Amino acid sequence: MRCPYCGGPDTQVKDSRPSDDAAAIRRRRVCPDCGGRFTTFERVQLRELTVLKRSGKRVPFDRDKLQRSIGVALRKRPVDPERVERLVSGITRQLESSGEAEIGSEAIGELVMEGLKGLDDVAYVRFASVYKNFREASDFKALLGTLAPPVAQESAAPKPECDAPSGELPPQIELPPHVTPLRAKRQTRSSP
């Protein structure tokens, strides 16, 4: 493996272990020339896949490109990176085991949308808006209609409306014995 820092042709493996989902081998390497350290991953590839784009162009399937596009959809979303890796690995395995050497980009897009829908609704909408080339707000509205409605959280007690004077609690709210209610500030009178 060539060193990414100095371009040296020979690097040494210092540590090997399976990745979190055991779908890859994680290798820690060091370059004897510059001392640079880096990590590589070794994955099983069942077959060479070719992606048939909408334009008719054929390109080799790139797992990293798939991971990047999913990462863009999930940017700043609270999703565990391990779940993202499982999603990418699952989509890749599904494509490789389909038996087809050539796969349409639409099929990949649909698999990604299906995976994101179960992972994060916001990422699903982001990806779909680019993938389906949304042009109007009505496109978003139609897509949002396909999402499951959020589960309504019912509280044990209804939320009281506060019609009480400022600083006083409405009578239907009961405080635990260790909590002291706040009192309203006293207004000072100015002397004439």
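Residues numbered from 1 in each chain as written. Predicted model: local features only at pLDDT ≥ 70, side-chain atom pairs only at ≥ 80, totals over all residues. Heavy atoms only, no water.

## Comments concerning the overall build of the protein
Moving on, step 1. Regarding its fold elements, the protein presents five helices and six strands.
Moving on, step 2. When the helices and strands of the protein are read in sequence order from the N terminus, they spell out β-β-β-β-β-α-α-β-α-α-α.
Moving on, step 3. By residue count, 26% of the 192 residues in the protein fall in the buried class.
Moving on, step 4. In the protein, of all internal contacts separated by at least 6 residues, the share reaching a separation of at least 24 is 41%.
Moving on, step 5. Taken as a whole, the protein presents about 14,500 Å² of accessible surface, with 51% of it coming from carbon and sulfur. (Helix = DSSP H or I, 4+ residues; strand = E, 2+ residues; numbered from the N terminus. Buried < 20%, exposed > 50% of the residue type's maximum accessible area, 1.4 Å probe, protein only. Contact = heavy atoms within 4.5 Å. Areas by Shrake-Rupley, 256 points an atom, 1.4 Å probe, with all protein chains shown as cover.)

## Some points on the packing of helix 1 (residues 63-73) against helix 3 (residues 105-119)
Moving on, step 1. Relative to each other, helix 1 and helix 3 sit at 40 degrees, their axes nearing to 12 Å. As summarised for this structure, helix 1 and helix 3 are arranged oblique, according to the angle between their axes. Relative to helix 3, helix 1 is oriented so that their crossing is right-handed. Across the interface between the two elements, L66, I70 and A73 from helix 1 touch I108, V112 and L116 from helix 3.
Moving on, step 2. The residue makeup of the contact of helix 1 with helix 3, split by class, is six nonpolar, no polar and no charged. (Axes fitted to C-alpha atoms, helices over the stretch in contact; angles between N-to-C directions. Parallel < 35°, antiparallel > 145°, perpendicular 65-115°, else oblique. Left-handed = near helix turned anticlockwise from the far one by under 90°. Nonpolar A, V, L, I, M, F, W, Y, C, P; charged D, E, K, R; others polar.)

## Quick look at the pairing of strand 3 (residues 37-43)
Moving on, step 1. Relative to strand 3, strand 2 (residues 24-30) runs antiparallel, the two sharing seven bridges. Across the sheet, the residue bridging to R27 is T40, located in strand 3.
Moving on, step 2. Counting the residues that bridge the hairpin from strand 2 to strand 3 gives six residues, and of these G35 lies at a positive phi of roughly 85 degrees. (Pairing = 2+ DSSP bridges.)

## Let's talk about the packing of aromatic side chains
Moving on, step 1. Going through the model one piece at a time under the given rule, you end up with one aromatic pair.
Moving on, step 2. A centroid spacing of 6.5 Å and a plane angle of 75 degrees characterise the contact between Y5 and F38, whose relative ring orientation is edge-to-face. In this pair, Y5 is assigned in the segment before strand 1 (12-18) and F38 in strand 3, connecting sequence segments 33 residues apart. (Phe/Tyr/Trp six-rings, centres within 6.5 Å; stacked < 30°, edge-to-face > 60°.)

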